[in-house]
Amino acid sequence: MMATIQRLGRRGCDVTEGLGRATLMLAQSAIGVPSVEGLRLWLRQMHFVGVMSLAIVLVSGLFIGMVLGLQGYTLLVDFGAEEALGQMVALSLLRELAPVVAALLFAGRAGSALTAEIGLMKATEQLTSMEMIGVDPLRRIVAPRLWAGFVALPLLTIGFGVIGIWGGELVGVKWLGVFEGSYWGNMQASVGFADDVLNGLIKSLVFAVVVTWIAVYQGYALLPTSEGIARATTRTVVHASLAVLGLDFVLTALMFGGLS
Amino acid sequence: MKRSKTMELGVGLFMLAGILGLLFLALRVSGLSLEPPADDFRLEANFANIGGLKSRARVTMAGVTVGRVESVELDPEWYDARVVLTLDDELEASLPEDTTAAILTSGLLGEQYVGLSVGGAPEMLADGDRIRDTQSALVLEELIQQFVSNMAKE
């Protein structure tokens, strides 16, 4: 009985300690004056995290837009309201699907790689050697990766939304014959820039911070063995996905739930 | 760093694509206009029942969008709805005084909008004037009620 309670307490302490360490890491690495060298490192990470994720994000966006067009059309045509297809595709993409699906793909594509990379650096004691020669690994390794993630995911989300709306047009207008004018016209009448586009971007910025933070911290704090790297990589994807989906509900309730 | 130039180019293109995408979402999808908001030409109209009209709804004339609904509120004096319309300023002083406003529905389930139709009076409406002749929204329940009570009479 006592042992169980003690185990529970130890678990709680571990979680709290981890949270504290992660916050400290975020504060020490992400906040600071960028140097030219730091900018170059950031650029390199942007290439890896952003440009290299572009293909998977755009292809998924296209297919999700096309599916939305198809499903929306078959749903709406029963009510004779297929003109509303544009607003349905655009609103569901901008408010929900683009931020969430892009963040999930980002966690799988870039987050796991970040964890594995930093984890291997730690396992091969590169991080310790850096400290030995007086280079702060938080500034040199962690900070560029964090900032690259913060910038790249919102950009990827925009790309997802744009190509998804185009995919919806491809299926709805070009294939199924919804009138092009009503597709775009209804969309423009119902989508607000601040309400929908900016709120979607705020969502994706929050997801970017959470996903990159989890990925980098898992790499930075893992057990430096091959098994530890494997576990940390899995944990990154699982924790990041759960955090994104859970936060999405909270953010949606705050932004669109009529709580104000 | 060997392929630094191509890498920089790639990242630059990526960010440019993101910014262009945001521009596309703003201009094409949400219909945001880059032009500064034209000088306002406001008209008021009181309706007995606005149905489901919301602010930001279209104001049309002969089917062409000429403005938006700015606000909808209850007029505590008459207990009807006061709707403020913002119109293109080129229409200022070119709408006759007896212009009528009606709340219409686009399609069976579409959104509601305000349709203006021009009268023939010599005086023109100025900024802040009130449209006197208005036609309320068609409320389906009222129609059905009327229909049923007519049926009962027969």
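Values in this document were obtained by computation on a predicted structure and should not be read as measured data.

Conventions used here
Residues numbered from 1 in each chain as written. Chains lettered and ligands numbered in written order. Predicted model: local features only at pLDDT ≥ 70, side-chain atom pairs only at ≥ 80, totals over all residues. Helix = DSSP H or I, 4+ residues; strand = E, 2+ residues; numbered from the N terminus. Rg over C-alpha atoms; globule rule 2.2 N^0.38 Å. Contact = placed C-beta atoms within 7 Å. Buried ≥ 20, exposed ≤ 12 C-beta atoms within 10 Å, placed from the backbone. Core = buried A, V, L, I, M, F, W, Y, C linked by C-beta atoms within 7 Å. Domains from an automatic or database assignment. Pairing = 2+ DSSP bridges. Expected span 1.5 Å × (residues − 1).

Colleague: Give a detailed account of the overall build of chain B, specifying residues and quantitative values.
Modeller: What chain B contains, in helices and strands, is two helices and eight strands. Listed by position from the N terminus, the elements making up chain B come as α-β-β-β-β-β-β-β-β-α. Relative to the compact-globule value of 15 Å for 154 residues, chain B shows a C-alpha radius of gyration of 23 Å, a clear excess of over 25%. Overall size of chain B, expressed as C-alpha extent along the three principal axes, is 90 × 45 × 30 Å.

Colleague: Give me the lowdown on the interface of chain A and chain B, citing residues and values where you can.
Modeller: Taken residue by residue, the interface counts 26 residues in chain A and 22 residues in chain B. Contributions of two or more residues to the side of chain A that touches chain B are made by helix H2 (36–49), helix H6 (137–175), helix H7 (180–190) and helix H8 (193–221) of chain A. Top element by residues in the side of chain A that touches chain B is H6(A). It accounts for six residues.

Colleague: Let's hear about the environment of A:Glu180: which residues, and what values?
Modeller: Residues and elements named next belong to chain A. In this structure, Glu 180 sits in helix H7. With 13 C-beta atoms packed within 10 Å, Glu 180 lands in the partly exposed category. Separated by 11 residues in the primary sequence, Glu 180 and Glu 169 have C-alpha atoms spaced 8.0 Å apart.

Colleague: Explain the nonpolar core to me, using residue names and the numbers behind them.
Modeller: Grouped together as the largest cluster of nonpolar side chains are 73 residues, with contacts concentrated most on A:Ala90, A:Ala102, A:Ala103, A:Phe106, A:Leu153, A:Val211 and A:Val216. When residues of this core are traced back to their parent elements, those giving at least two are H2, helix H3 (54–76), helix H4 (85–123), H6, H7, H8 and helix H9 (226–256) of chain A together with helix H1 (4–29) of chain B. If we ignore the near neighbours within four places in the chain, the residues touching A:Leu153 are A:Ala102, A:Ala103, A:Phe106, A:Ser204, A:Phe207, A:Ala208 and A:Val211. B:Leu43, B:Leu53, B:Val83 and B:Leu95 belong to the second-largest nonpolar core, a separate cluster that totals 22 residues.

Colleague: Requested: an account of unusual backbone geometry, with residues and values cited.
Modeller: Notably, A:Glu125 is not glycine yet its phi reads approximately 60°, a positive angle. You can see A:Glu125 is positioned in the loop between H4 and helix H5 (126–132). A positive phi angle, close to 55°, is found at B:Tyr79, a residue other than glycine. On the secondary structure map, B:Tyr79 appears in the loop between strand S3 (64–75) and strand S4 (80–87).

Colleague: An account of the domain arrangement of chain B is needed here, citing residue identities and associated values.
Modeller: Taken domain by domain, chain B consists of domain 1 (1–34) and domain 2 (41–144). The C-alpha-based centres of domain 1 of chain B and domain 2 of chain B are spaced at 41 Å.

Colleague: A description of the pairing of strand S6 (residues 112–117) of chain B should follow, citing residues and the corresponding values.
Modeller: Moving residue by residue along a regular strand, the side chains alternate between the two faces of the sheet. Residue and element names in this part refer to chain B. Of the pairings in the sheet, the one linking strand S2 (residues 58–61) to S6 comprises three bridges and is parallel in character. Bridging from a neighbouring strand, Val 59 pairs with Val 114 of S6. Across six bridges, the pairing between strand S5 (residues 100–105) and S6 is antiparallel. Bridging from a neighbouring strand, Thr 100 pairs with Ser 117 of S6.

Colleague: Describe H3(A), with residues and values.
Modeller: Residue and element names in this part refer to chain A. Between the first and last C-alpha of H3 there are 32 Å, a value that for 23 residues agrees with the 33 Å anticipated at 1.5 Å per step. Restricting attention to buried positions, one finds in H3 the residues Val 57, Gly 61, Ile 64, Gly 65, Met 66, Leu 68, Gly 69, Gly 72 and Tyr 73. Along its buried surface, H3 packs onto H4 and H6.

Colleague: Give a detailed account of the pairing of S5(B), specifying residues and quantitative values.
Modeller: Across three bridges, S5(B) lies against strand S8 (residues 133–135) of chain B in parallel orientation. Each bridged residue has a counterpart across the sheet, and for B:Ala102 the counterpart in S8(B) is B:Gln135.

Colleague: Which residues make up the sheet that holds S8(B), and what are the values?
Modeller: Neighbouring strands of a sheet are bound in pairs by backbone hydrogen bonds; such pairs are parallel or else antiparallel. Pairing in this open sheet of eight strands is mixed, and the strands run S7-S1-S4-S3-S2-S6-S5-S8 (chain B) from one edge to the other. Sheet topology places strand S7 (130–131) and S8 of chain B at the edges, where each strand pairs with a single neighbour.

Colleague: So what about H9(A)? Which residues, and what values?
Modeller: Residue and element names in this part refer to chain A. Compared with an ideal rise of 1.5 Å per residue, which puts 31 residues at 45 Å, H9 spans 44 Å between its outermost C-alpha atoms and is within 8% of the ideal. All of the buried residues along H9 are Ile 229, Ala 232, Thr 233, Thr 236, Val 237, Ala 240, Val 244 and Leu 251. Packing partners of the buried residues in H9 comprise H4 and H8.

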